[in-house]
Amino acid sequence: MATLLRGLRAAGALRGLGGVLAPPTATNLPLCRLWRGFYCAARRLQDESKSDRASSSSSSPSSSSFHQHYQAHSAEQDSASQHPSDSAETPAGRVAYADDQSEDQDEEYESEEQLQARILTAALEFVPLHGWSMEAIAAGAESLGLSSASTGMFTNGSGDLVLHFIADCNAKLTEILAEQHNRVQLGQAEKKKTSEFLRDAVETRLRMYVPYMETWPQAMSLLLLPHNIPDSLKHLSNLVDDIWYYAGDRSTDMNWYTKRAVLTGIYNTTELVMVQDSSPDFQDTWAFLDNRIQDVVNMATTAKQVQSTGEAVVQGLMGAAVTVSFS
Amino acid sequence: MAASVRTFVRSLSRKNAGFSAVLRLSDCRWFSGKAEERSTHFGFETVSETEKASKVYKVFENVAQKYDVMNDAMSLGIHRLWKDALLHVMHPQPGARLLDVAGGTGDIAFRFLEYVRSQQERQQRRAVLLGQTPSWQDVSDRYPDGGGAPESAVVVCDINKEMLKVGRQRADSRGVTTGLSWVVGDAEELPFNDDQFDLYTIAFGIRNVTHIDQALKEALRVLKPGGRFLCLEFSKVTNPVLERLYDVYSFQVIPVLGEVIAGDWKSYQYLVESIRKFPDQEEFKGLMEDSGFFCVQYFNLTGGVVALHSGFKL
């Protein structure tokens, strides 16, 4: 089984390599100048919702290869962030291993990180009681039948726990989005507008925090500690990238950055609102999210209007100048 | 050492190759006789393995009364910092059980009990500050006799009765009565069942053990799954300048201190020599990994004078 795992990882790496070597799909979006980049990004939001249906069918073969690359890539990331989603089904997997005595030593060595991931997953149960702390990890280890001394493996205890949880949530979201994408491609579901898609993705992701809402402020403060910032930023950027990818973004210019920046802003502010929201089922938060996305869409339309008005005015002035110069 | 014995026997058997089974039988008997007297190091001298254990016993019997005073004098009090560092790395959770091997006078045991008790107090204070109205369960937990949670406990195990006697005297003078027990035992053959302890420490004791791998295997045996092995031991100094100073200090100053304070030059000569004979950080890490510990890592303290090795039974 160990060799199978190694083979899978190697195959994943190869596929990733293939994906990188393939040229990125060019979209038919014109290049925007830097100072108009933001408005362009917002405009694309509107444009794509119309042209999405047209372009998706033409770019579907290449997008599916990208899709594969992304899944392999995210699987690599997941295993790197110590949570391979396939090993999460450990009860069933372990039963198959337990019979094979000869592989015990090999499998034990390979699963040091998997064991740490299992302990952290078990610790999540105790977070409402102990908060995001070493005590929760100790309780988690004990629930797995291990001694509480195994918490010594986690030098950055509570930070490790929060980061593991975040990586877990990101993986779940990626699964859900991939599922939806498949269903759309098979024709079983309607393709959503980009703004609606973003709204649903952010809501799904934020709902994963609901069981831990009371202790979430502590988790957020842990993520802001200097030694945790690189990892938390990495997870956040992966999340935003995933959501945009499944929303259909294939931009290769400044839009790539501005889109992700916009979504990061929306996500973070909505999270902050959620933390102090006391309305039933967080209705205020979803209303806030709706408004923010609507703001971005409005800004896009306004930007477009401003641009076309500006162009019309400029043309008028040019005509007037020519007339004046001739007379 | 074992290899040299083997080659010796091989050359011997080659010489006697032509002889009959009777003579070969006598060779076998001779070979097994030789095995009992395999030699090992006792400081810089070579002794047989059976002799080493008794010689070490005698050394510690002699130094037991002045052990703590000498520790302070030789290390200029720094040994307290080393032991504190061990506790900080250990970070025991409430309810953990510690086995302190070669822990004679109880330094680690006392520190462990203090650490756990202050942690429990801190937790209780935090609960009070949060202004939670305590449930009946919490109120009953706070009573010293009650609570269902397992209390932390330390078992101090040492092969030397004199050291344990000194340790018990110290416990009495400090007023520590609960959570502490004293057991006579050999690190290579611990008198405990499997899977008993959360933590196993051996501070400045493993270099005196005749078969280190045997001691490591025993440690693995008595630890619970997920348990942690911690070893504090003198090791190789990394900085060459510091190394020269350390050598001079070790061989010129320490035995003199031993003679002046404890009236025993030879024991402290043995101490210094045994430090030189002990494997260095990487080698010991390798030994631990071979014995079956996972996530083995070490921390150098005071520039490598002391190394703290940690491993897990997973």
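Conventions we followed
Residues numbered from 1 in each chain as written. Chains lettered and ligands numbered in written order. Predicted model: local features only at pLDDT ≥ 70, side-chain atom pairs only at ≥ 80, totals over all residues. Heavy atoms only, no water. Phe/Tyr/Trp six-rings, centres within 6.5 Å; stacked < 30°, edge-to-face > 60°. Helix = DSSP H or I, 4+ residues; strand = E, 2+ residues; numbered from the N terminus. Buried < 20%, exposed > 50% of the residue type's maximum accessible area, 1.4 Å probe, protein only. Lys NZ or Arg CZ within 6 Å of the ring centre and 35° of its normal. pLDDT = per-residue confidence, 0-100. Contact = heavy atoms within 4.5 Å. Patch = residues over 30% accessible without salt bridge, like charges linked within 9 Å, V, L, I, M, F, W, Y side chains within 5 Å. Areas by Shrake-Rupley, 256 points an atom, 1.4 Å probe, with all protein chains shown as cover. Salt bridge = Lys/Arg side-chain N within 4 Å of Asp/Glu carboxyl O. UniProt positions renumbered as here; feature names shortened; annotations may be inferred.

S.K.: Help me understand the packing of aromatic side chains, please; the structure alone is not making it clear to me.
M.R.: Two aromatic rings, taken as a pair, are described by how far apart their centres are and by the angle between their planes. All told, the structure shown has 19 aromatic pairs over all chains when counted by the stated rule. For the pair F42(B) and Y270(B), a centre-to-centre distance of 4.3 Å together with 15° between the ring planes defines the contact as stacked. Taken as a pair, F42(B) in strand β1 (residues 39-42) and Y270(B) in helix α11 (residues 265-277) lie far apart in primary sequence, 228 residues in all. Here the two residues F42(B) and Y270(B) agree in accessibility, since each one is buried. For the cation-ring pair, K259(A) lies above W244(A), with the distance from its terminal atom to the ring centre recorded as 5.2 Å. Note that R260(A) overlies the ring of W256(A), its terminal NZ or CZ placed 4.1 Å from the centroid.

S.K.: Quick question: what am I supposed to make of the confidence of the model for chain B here?
M.R.: Should the pLDDT be low somewhere, the predicted coordinates at that spot are not to be read in detail. Residues and elements named next belong to chain B. Per-residue confidence for chain B averages 84 on the pLDDT scale, and 82% of its residues sit at or above 70. Low confidence marks residues 16-21, where pLDDT is under 50. Its contacts with residues over four positions away, or in another chain, come to two contacts. Note on residues 30-35: pLDDT is under 50 here. Beyond four places in sequence and across chains, it has three contacts. Confidence estimates for the predicted assembly give a pTM of 0.71 and an ipTM of 0.75.

S.K.: How do you make sense of a nonpolar patch on the surface when you look at a structure like this?
M.R.: All names here are of chain A. Taken together, the side chains of M254, W256 and Y257 present a nonpolar region at the surface, about 320 Å² in accessible area. With respect to the helices and strands, M254 occurs in helix α12 (residues 254-275). We classify M254 as partly exposed; its relative accessible area is 37%.

S.K.: Would you take a moment to explain the UniProt feature "binding site: S-adenosyl-L-methionine" (unreviewed entry) in chain B for this structure?
M.R.: Residues and elements named next belong to chain B. UniProt annotation of "binding site: S-adenosyl-L-methionine" (unreviewed entry) refers to T105, D158, D186 and A187 when read in the numbering used here. Assignment of secondary structure puts D186 in the loop between β5 (180-184) and β6 (197-203). Within the secondary structure layout, A187 lies in the loop between β5 and β6. Residue classification places A187 among the buried residues on the basis of a relative accessible area of 8%. Excluding its chain neighbours within four sequence positions, the residues that come into contact with A187 are V101, V209, A215 and E218.

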